[in-house]
Amino acid sequence: MAKRAARRAKLHAIDSARIHNLVFDHTPANDRDQSYVRKIRPRSDNQRILMEAIDTKPLTVALGPAGTGKTYLAISAAVEALEAGTVSRIMLSRPAVEAGENLGFLPGDMREKLDPYLRPLWDALNDRLGAKRLRQNLDDGTIEIAPVAFMRGRTLNNAFVLIDEAQNCTYGQLKMLLTRLGWHSTMVMTGDPDQTDLLPELSGLAAIAQRLEGLEDVAVVRLTDKDVVRHPLVGRMLSVL
């Protein structure tokens, strides 16, 4: 009797462990990256205005100093639109302009060559999607890298288009990029006119924003040093530099 009771207790413990593992493996939290579950909330009035503009306007131009969350908020809105089915792909474009240094020719394919320039976008995408889902979306073309030089002639339908570091584009380049906007698409252009790596007279961002500001379906959002979400010293430095 004692042996039979011990055997039953052992079998019961094994069954309980199996049931526990089964329930644990199917919890919703394991089906999604924890980083993406976090919801983005504005930390200033201008950030709230920017988020609302991206949600309601087909074209948003976000101007402001470094650290104000322009790129991160745009990436978050792009991922949310993709997850909701509002768009079928995310298009990323950024001018390949170096900050005062010449790195020479870079090895690898187009993605690898542009990787150093797109690193801020990768960091934001990795934070919102996770590394595994980001690789999958890149491999199947759901997220596409499009250098500014290769954008002419394209029509971007059903896409969320992010033009980052637009202060390093000329007026002609920005005009070309803006006219790529297709049906059921959203475009966000971000940049800081005061931090261009081109000669000041070559950057077209400030002029483009000024001309577009009066159009009904375009939102031009201007952030300030008060919207900086990095170290508090960054905002104070920007006010004197």
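Let us look at the structure shown here. (Residues numbered from 1 in each chain as written. Predicted model: local features only at pLDDT ≥ 70, side-chain atom pairs only at ≥ 80, totals over all residues. Heavy atoms only, no water.)

**A look at the sheet that holds strand S4 (residues 159-163)**
Note: strands within a sheet are paired through backbone hydrogen bonds, in either parallel or antiparallel orientation.
And then number 1: The strand order across the open sheet formed by 6 strands is S3-S2-S4-S5-S1-S6, and the pairing between neighbours is parallel. The sheet is open, and its two edges are formed by strand S3 (143-145) and strand S6 (218-222), each paired on a single side. Each adjacent strand pair in this sheet contributes to an overall mean axis angle of 15°, direction not counted.
And then number 2: Sheet contacts for helix H7 (residues 171-178): strand S1 (59-63), strand S2 (89-93), S4 and strand S5 (186-191); angle to S5, the most-contacted strand, approximately 160°.
And then number 3: Docked against the sheet, helix H8 (residues 205-212) engages S1, S5 and S6, running at close to 130° with respect to S1. (Pairing = 2+ DSSP bridges. Helix = DSSP H or I, 4+ residues; strand = E, 2+ residues; numbered from the N terminus. Axes fitted to C-alpha atoms, helices over the stretch in contact; angles between N-to-C directions. Contact = heavy atoms within 4.5 Å.)

**Digging into the pairing of S1**
Consecutive side chains of a regular strand alternate in pointing toward one face of the sheet and then the other.
And then number 1: S1 sits mainly inside the fold: 5 of its 5 residues count as buried.
And then number 2: When S1 meets S6, the two strands line up parallel, connected through 5 bridges. From the neighbouring strand, valine 61 faces S6, where its bridge partner is valine 220. (Buried < 20%, exposed > 50% of the residue type's maximum accessible area, 1.4 Å probe, protein only.)

**Overview of the pairing of S2**
And then number 1: Among the 5 residues that make up S2, 5 are buried, leaving the element largely enclosed by the rest of the structure.
And then number 2: Side chains of S2 alternate between two faces, with Arg89, Met91 and Ser93 and Ile90 and Leu92 buried alike.
And then number 3: Across 5 bridges, the pairing between S2 and S4 is parallel. Paired with leucine 92 across the bridge in S4 is leucine 162.

**Here we look at the side chain of serine 44**
And then number 1: Among the secondary structure elements, serine 44 is positioned in the loop between helix H2 (34-37) and helix H3 (45-56).
And then number 2: By relative accessible area, which is 17% here, serine 44 ends up buried.
And then number 3: Within polar-contact distance, the side chain of serine 44 engages the backbone nitrogen of glutamine 47 at 3.2 Å. (Polar contact = N/O pair within 3.5 Å; in protein donor to acceptor, adjacent residues only side chain to side chain.)

**Focus: the nonpolar core**
And then number 1: With 34 residues, the main nonpolar core has Ile75, Leu92, Leu125, Ile143 and Phe160 as its most contacted residues.
And then number 2: For isoleucine 75, the contacting residues outside a window of four places in its chain are Leu92, Leu121, Ala124, Leu125, Arg128 and Leu162.
And then number 3: Counting residues in each nonpolar core, the second largest holds 25 residues, with Leu59, Val61, Leu178 and Leu212 among its members. (Core = buried A, V, L, I, M, F, W, Y, C linked by side-chain atoms within 4.5 Å.)

**Describing the pattern of salt bridges**
And then number 1: The full count for this structure, using the stated rule, is 7 salt bridges.
And then number 2: Between aspartate 164 and arginine 94 there is a salt bridge, with its nearest N and O atoms 2.9 Å apart. Of this pair, aspartate 164 sits in the loop between S4 and H7 while arginine 94 sits in the loop between S2 and helix H5 (110-129), and the two are 70 residues apart along the sequence.
And then number 3: Each of Arg89, Glu144 and Arg154 takes part in salt bridges that share partners, so that together they form one network. (Salt bridge = Lys/Arg side-chain N within 4 Å of Asp/Glu carboxyl O.)

**Thoughts on the packing of H3 against helix H4 (residues 70-84)**
Helix packing for two helices is described by the angle between their axes and how far apart those axes are.
And then number 1: Packing of H3 against H4 leaves a shortest axis separation of 10 Å and a crossing angle of 35°. Like other packed secondary-structure pairs, H3 and H4 cross with a definite hand, here right-handed. For the pair formed by H3 and H4, the contact residues are Gln47, Leu50, Met51 and Ile54 on the first element and Lys70, Leu73, Ala74 and Ala77 on the second. (Left-handed = near helix turned anticlockwise from the far one by under 90°.)

**Some points on H8**
And then number 1: For H8, the set of buried residues is Leu205, Ile208, Ala209 and Leu212. Projected down its long axis, H8 shows its buried positions confined to an angular sector of 95°, all on one face. In H8, the exposed residues that point more than 90 degrees away from the buried face are Gln210 and Arg211.
And then number 2: Tucked into the core, H8 has its buried residues touching S1, H7, S5 and S6. (Arc of directions from axis to C-beta.)

**Section: the packing of H7 against H8**
And then number 1: For the pair H7 and H8, the least separation of the axes is 8 Å and the interaxial angle reads 50°. Comparing their axes, H8 and H7 come out oblique. In the crossing of H7 with H8, the sense of the turn from one axis to the other is right-handed. Taking contact as the criterion, the partners of Tyr171, Leu174, Lys175 and Leu178 in H7 are, on H8, Leu205, Ala207, Ile208, Arg211 and Leu212.
And then number 2: Residue composition of the contact of H7 with H8, grouped by class: 7 nonpolar, no polar and 2 charged. (Parallel < 35°, antiparallel > 145°, perpendicular 65-115°, else oblique. Nonpolar A, V, L, I, M, F, W, Y, C, P; charged D, E, K, R; others polar.)

Without other data, these values stay purely geometric and don't point to any function.
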